Each structure stands twice: as structure tokens, then as C-alpha cells.
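# Results of the structural survey
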Amino acid sequence: MIRVWKTTLKLRMIFGFIVILIFGGLLISRAFDLQIIEGHGLRLLAREQFHTKVYFTPERGNIYSSNGSILAASVNVPGIAVDPLMVGHKLRNAEKLSKITGIGYEKIIKILNRGIQFAWIKRRVSGQTAKDVEKQGIGGVIIVKQPVRYYPNGTLLAHVLGFVGIDDNGLSGIEYKYNNFLKGNKRALKILHDGLGQYIFIRGFGLKKATHGDNIYLTINKQLQFITQYYLDKEAKAADSKGAFAILMDPNTGAILAMADYPDFNPNYYWKYSARYWRNRAVTDDFEPGSTMKPFVVAAALSEGLVKPDTIIDCRHGTYNIDGITVNDVENWFGRFSVNQIVEYSSNVGECQIGMKFKKAQLYGWFSLWGFGHTPRAGLLGEANGIIRPLNEWSEVGPCEMAFGQGISVTGLQEIVGLSAIANGGRTVKPYIIKKIVNAYGKVIYKAKPKYLRRIITPKVDREVKYMMRLVVKGGTGQYAKLIDFKVSGKTGTGQIADPKTGKYYKNKYTASFMAFVPYRHPKLAMIVVQQEPSKISYYGGAISAPVAGSVFRNALNILNIYPGRSAYIKQLKTRANVNDNSLALNPQNMINPSSANSESLLINDSGVMPNLKGDTIRQALKILMKYKLAVKISGSGYLYYQSVKPGTNTDKGKVIVLKFKPEMYKYNMSDLKSTKKSKK
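An account of the accompanying structure is given in this report. In this text the structure is predicted, and so the values were computed from the model without any measurement. (Residues numbered from 1 in each chain as written. Predicted model: local features only at pLDDT ≥ 70, side-chain atom pairs only at ≥ 80, totals over all residues. Heavy atoms only, no water.)

Further remarks concern the side chain of Q225. Within the fold, Q225 resides in helix α9 (residues 222–239). Separated by 2.8 Å, the side chain of Q225 and the backbone nitrogen of M259 make a polar contact. Not counting residues up to four positions away in its chain, the partners in contact with Q225 are L156, L157, I220, L257, A258, M259 and A260. (Helix = DSSP H or I, 4+ residues; strand = E, 2+ residues; numbered from the N terminus. Polar contact = N/O pair within 3.5 Å; in protein donor to acceptor, adjacent residues only side chain to side chain. Contact = heavy atoms within 4.5 Å.)

By the definition in use, this model includes one disulfide. Two residues share a disulfide in this structure: C352 and C400, whose sulfurs sit 2.1 Å from each other. Measuring the twist about the S-S bond at about -110 degrees, one finds the C352-C400 disulfide to be left-handed. Here C352 is found in helix α13 (residues 348–355), whereas its partner C400 is found in helix α15 (residues 398–403), with 48 residues between them in sequence. Each of the two residues, C352 as well as C400, counts as buried. (Disulfide = S-S within 2.5 Å. Buried < 20%, exposed > 50% of the residue type's maximum accessible area, 1.4 Å probe, protein only.)

With four bridges connecting them, strand β8 (residues 215–218) and strand β19 (residues 434–438) associate as antiparallel partners. Each residue of the ladder has a partner; that of L218, found in β19, is I434. Bridge analysis of β19 against strand β20 (residues 444–447) gives three bridges, and the strand direction is antiparallel. Residue pairing across strands places I437 opposite Y446, the latter belonging to β20. Where β19 folds back on β20, the antiparallel hairpin that results is connected by five residues, among which G442 adopts a positive phi of roughly 90 degrees. (Pairing = 2+ DSSP bridges.)

Here we come to unusual backbone geometry. With an omega of 0 degrees, the peptide bond running from Y262 to P263 counts as cis. With respect to the secondary-structure elements, P263 resides in the loop between β10 (256–262) and α10 (281–284). In this structure, P519 follows V518 across a cis peptide bond, with omega equal to -10 degrees. Residues other than glycine seldom take positive phi values, yet L157 does so here, at roughly 60 degrees. The class of L157 is buried, set by a relative accessible area of 2%. One non-glycine residue with positive phi stands out, namely N561, at about 55 degrees. Note that N561 resides in the loop between α19 (546–559) and β25 (562–563). Given a relative accessible area of 29%, N561 falls into the partly exposed group.

By the definition in use, this model includes seven salt bridges. One salt bridge connects D285 with R279, and the closest N-O pair in it is separated by 3.0 Å. In this structure D285 comes out as buried when scored by relative accessible area, which is 13%. Taking the relative accessible area as the measure of exposure, R279 reaches 33% and is therefore partly exposed. In this structure, the salt-bridge partner of K466 is D462, at a minimum N-O distance of 2.5 Å. Of this pair, K466 and D462 both sit in helix α17 (residues 459–474), separated by four residues, roughly a single helical turn. An identical accessibility class is assigned to K466 and D462; each is buried. Residues joined in a network through salt bridges with shared partners are R60, R149 and E175. (Salt bridge = Lys/Arg side-chain N within 4 Å of Asp/Glu carboxyl O.)

Taking 1.5 Å of rise per residue, the twelve residues of helix α16 (residues 412–423) would be expected to cover 16 Å, and the 16 Å separating its terminal C-alpha atoms lies within 8% of that figure. For α16, the tally of buried residues reaches twelve of twelve residues, placing the bulk of the element in the interior. By the burial criterion, the buried members of α16 are G412, L413, Q414, E415, I416, V417, G418, L419, S420, A421, I422 and A423. G425 lies just past α16 and shows a positive phi near 110 degrees. (Expected span 1.5 Å × (residues − 1).)

A surface patch of nonpolar side chains, amounting to about 600 Å² of accessible area, comprises L11, I14, I18, I22, F23 and L26. Tracing the backbone shows I22 in helix α1 (residues 2–37). (Patch = residues over 30% accessible without salt bridge, like charges linked within 9 Å, V, L, I, M, F, W, Y side chains within 5 Å. Areas by Shrake-Rupley, 256 points an atom, 1.4 Å probe, with all protein chains shown as cover.)

A few words now on the sheet that holds strand β24 (residues 525–532). Taken in spatial order, the five strands make up an open sheet running β10-β9-β24-β23-β22, and their pairing is antiparallel. The sheet terminates laterally at β10 and β22 (489–498), the two strands that pair on one side only. Taken pair by pair, the neighbouring strands of this sheet meet at an average axis angle of 10 degrees, ignoring direction. Strand direction decides the pairing type here: strand β9 (residues 243–249) and β10, joined by six bridges, are antiparallel. If you follow A246 over to β10, its bridge partner there is A260. (Axes fitted to C-alpha atoms, helices over the stretch in contact; angles between N-to-C directions.)

Take the packing of aromatic side chains next. For any pair of aromatic rings, the description consists of the separation of the ring centres together with the inter-plane angle of the planes. Under the definition given, this model contains 25 aromatic pairs. Members of the aromatic cluster, joined through ring pairs, are F163, F265, Y269, Y270, W271, Y273, Y277 and W278. Its end group placed over the ring of Y506, K509 keeps NZ or CZ at 4.2 Å from the ring centre. Here the guanidinium or amino end of K660 rests over the ring plane of Y642, the centre of that ring lying 5.0 Å away. (Phe/Tyr/Trp six-rings, centres within 6.5 Å; stacked < 30°, edge-to-face > 60°. Lys NZ or Arg CZ within 6 Å of the ring centre and 35° of its normal.)

Here is the structure:
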């Protein structure tokens, strides 16, 4: 009996052990399945059920001018958000929120009744509105600050900068083209909640740090941009132009210093303007250049040996019939002109005959060399190619028409690149507007370098074309761009506008343009100004576009501390002296002994603008300074190499100017005075 009982007990224990092993194995197997095989999927499912991510936009990178002045920045603006599941007394609280925010009551009710954990009531509100909402103490309603794009200069450079949408993505201009650099990485806030949707832990949980966007520095000089935009707007309004643009460039490097468009818009409120206000006409609009094409064709003809500057061409008193078409000049007195005079007085008849000296393929190749028909690739949004018809579409008189800018279309950016090649000695440079890109930690990740593409014309041809363009401003069609103390070279243009439907030219629609560079021999600035469909004053480029360039040059040269040579200063001072009935003759009573060093003397006369005295002897410097009411302190002897009052600045009565001189061996290179380099961009 005992033996049977023991056997039964033993069997029960074995059975129980087997059952435990089976259930244990099943549990381990299930645990392995849940933890290992299905673990990843279950963890993701749990995360979706108990974690919510709310994304916040990082601070967008700034855009700066060349000297570090802010052109576009981001500022934190409060917004009102809500967790609808945590809001009690929805009807009463919706009424409160509606009164404070100005949003419709029914719209807020719809937001509060949504079965989600996060929703925006209003993204951007004033600081006072945010405070008023906070005072209500409504559970589930929070104030979230997000960066919003701000343009502190309003309309300044608006067409280049573009603007940013409500989701902080660029929609136009630099903001759009370089959006990936500027926008940075989003930050996410993980919100943990229970099965009922109630938050368990929020503050500081799972915050993924945002990456600040990269900062972009443009080649734009803010002061030059302001004066360019100011004078362009002034003349465009006076001429009642449909549109206008201007580009100011350093012809030696390709750096774009200013780019203005008319009419303008304010990117802070871009939605208030129609899309036609947003485009950057300087790079997107192509136009028939008219007579501004003449210097490029003449340079090509000189290079090919087809003409010389003194080659005489019969301009036929302003009317020329060729192969069924009639070419006309503005004036009927144009007779036998040299090539120099054809450019100076802008004779279409003469230019037509120069163009006909080319073979079609030959002239087509030259247009391509100048960059026409190709995208300049300056780093701007919407750069157009212009239009050069294929050779098989050229008529027999195609070279004639294109020589004076008909039947070919260019953009302002293309034309200023070609102009810069003439200005810098014959080489095309790649235009650029991005100076550098700097990341959030101050590391420069991109830096532009001037790039010369190719030599177009020889220095000899370049000097000849420069001189022709100098004649245009000196006594030809571009006299409104003339400056007192600098020699300007330029070319006017008046292009007809074709009807896209018929292909024929309108009788009363024109493009008035002017391109120029300064100083004449060693240019530091190149500029193009184009006015589209002017209806008042005039439709000639010399009348309404050249004045813009003249005004901008006059101010820009002073801003950049570029001064004329010594002879120009003396001439200018003598002119002023004659006007004021003041003599520049030496006054012995106010002179000091030139041989004595470290002496002082008060020169009694009018105050004015300080000239550049470098390279002058003591006697020459004092003779010039007789015009000013200054205390002069002289150190050393020989030739002046230092003056404490910078050229171009205003002099004050009683101000002390220190002049330092060195002996003959240190004599200043007088040839450099023709283009004194005080500052280099």
C-alpha cells in the first residue's frame, strides 16, 4: 500500500514537473517571441500610443551684406497652441479665446473638439495677445514661441532676398535658392501620456536640439544698394516706367555690389503684392539691347581686323536701304563718320555696315564669347539665357540688325558681364553674389573666389573701345552720366519691343538702357540701368537711364573712398576758387618755412572737402591747402606720403591736419595717382 502510494506520488511529481516545463517553455517561447522577434514592432507601437512628437522650427540662418549688416533675420514670435483633450469647459473657453484672438467662435470649437493632442489656434500673435491668453489660465492652452522671418530694411534688396512662407521655407530669391543652407534642422519635443491621453511628463523630456541654419554673406554693399535703389526709383517714377532695374558690379572680380528693381515690394508683407512684383527683372527679363550692343560688335570687328577706329563709313544722312529693309538714325545729319564717331553718336546706319562685314557664323561666335545666350550662373534665382536665334534662322541682313541690338535678346546680368570684360582689360569674369557661407559654429563652409573665364579682346582693342565709350559720355549721347572729377565711359541704348503675337515692333514701346564704368582707365565700378516702357520725359537711354548711373557713381566713389588723380583735384579746386572769388595764390603771411620740420601754421580760408595730396611737395601741398581753414603740422621733407585727414572727407574750422613727407627716394608713384586705391572691395 505504501509502495503504491509512493509510486503514485512520484508519478504526480513527474507529471507536474513536465507540466511546469511545458508551461515554462511556452512562457519563455512567448517572451522570446514578444521580446526578440516582435519586440521592435511592439516597441514602435507602444511609442506611437504613448509618445507624441511636436515639431518646432529652428532658427533660420541670417543673411548679411558684405560688411556684416543684417539683411534678413529671424525673430521669435509667440503663437497659441492647444491640447484639445486637456481643455475643459470647451464652450466657455472657446468664447474667451475667440474674443482675445479674433478667431471665429465656431472655428475654435472645431479645433477643441478634435481628438488629437496638439493643434494650433493661431501661429503668430502679438506679445500682448499672448499675455492675455496666459492670464486666462486655460488648461491645455500653451504659448509657443517660433522664429519668424524679418527683413529690417523693408523693400531694400527685396527682389534678391525673396521671402519665407509660414512654414519657414523660402519661397523666392536667395531664401528659396539657398533654403537647405538657411533652414537648419527641426527640433522635436516628445510628449509622454497615458492611455487616457493625459500627459505624464513633459518638461525637458526627449528634446532633440535644433540646428541653427547657416548664415549667408552676400557681396551686396548695403550703402551702394540704398543709393542705387533710391536713384532708380526716382527716375523710373519720373519716366512712369512699367519696370526698371539696375546692377552695380566690381568689373575686376565679378562681385555684384548692388541690384535694384522697380517697382519694389516689402517681403515682410509679400502676400499683399501680386506675383509680378516679386521677380528679379535684372536676371529674369530678356530684352533687345538696342545700341548698347554696339561696343561689343565694334570690339569684335577691331579684333577681326575688319575695321580700325579711324575707318570712315558713310552714314548716308541717317537712312540706309539694304535687302528690302530700311535702317534709320535719330539724326539726318550723320555723314561720313569714323568708327569712333559711330559709337559716340550711336549711328545705326554705320553700325549696320560694320555688322555686314562679318560672316554669320563669325558674329554668332562672338556673341557666344561675350556670354550672350548663356546663363551667367551668378547664384541668383531665375537667371535667363537670353535669346540668340540659331544660325539657320538668320536672314541675310541678320548681322546688320544684330549689330545695333535688334533681333537679339539679352539679360541685364549678361550685359554687365560683357561690359565688365571691356572695363577690366578684356577678360570675362564669373559674376557672383554669395560672398561666403558660415555655419552656426562660425566655420566658413564656402567662400567665393573671383574667377576669370577667358580673354575676349586684346589690351590694345580694349583701350580703343574704352576711348570710344568715353566719347559717348564726354560729348555724345551719354552726357547725363558725366562727372566733374572722374572720366566715365558708357553707351546708351534704345531698344524696340516686339509684339509676341505678331512679331512686329510696337510703335510706342521701348526699352531705355545705359551701361557705363568708372574711372575711365582703371575702372572700379560697372553699371547697367534699364527702364522698361517709359511713357514720360523720354524713351532714350541717354535721357532717363544715364542720370541714374551718374548719380550712383558720384555717391558710390565717395562711399568706397575712390579718389581722382592729383591733377583732377587741382582743377576742381581752381574751379571752386574762381566761383568763390578766392585765389589759390600763395599767401606769404600764412606760409611756413618749408624746410623746417614739426612746424605749425594756421591757414585762414574756407572749409570744404579734403583733396588727395599724396606725392606733393611741401610747397605744393600748402598751396592747395590755402583754401581751407586748418592748422597744418608738417613732419619730414620731400614728398607727402601721409595725411591725417582722409581725402574726400569734410574739413572743419580749426582742425589740425598732420602731413608727413619723405625724401626723393620715397617719391610717390605719380602714375598711380590717376587711380588712387584707397579701399578695395
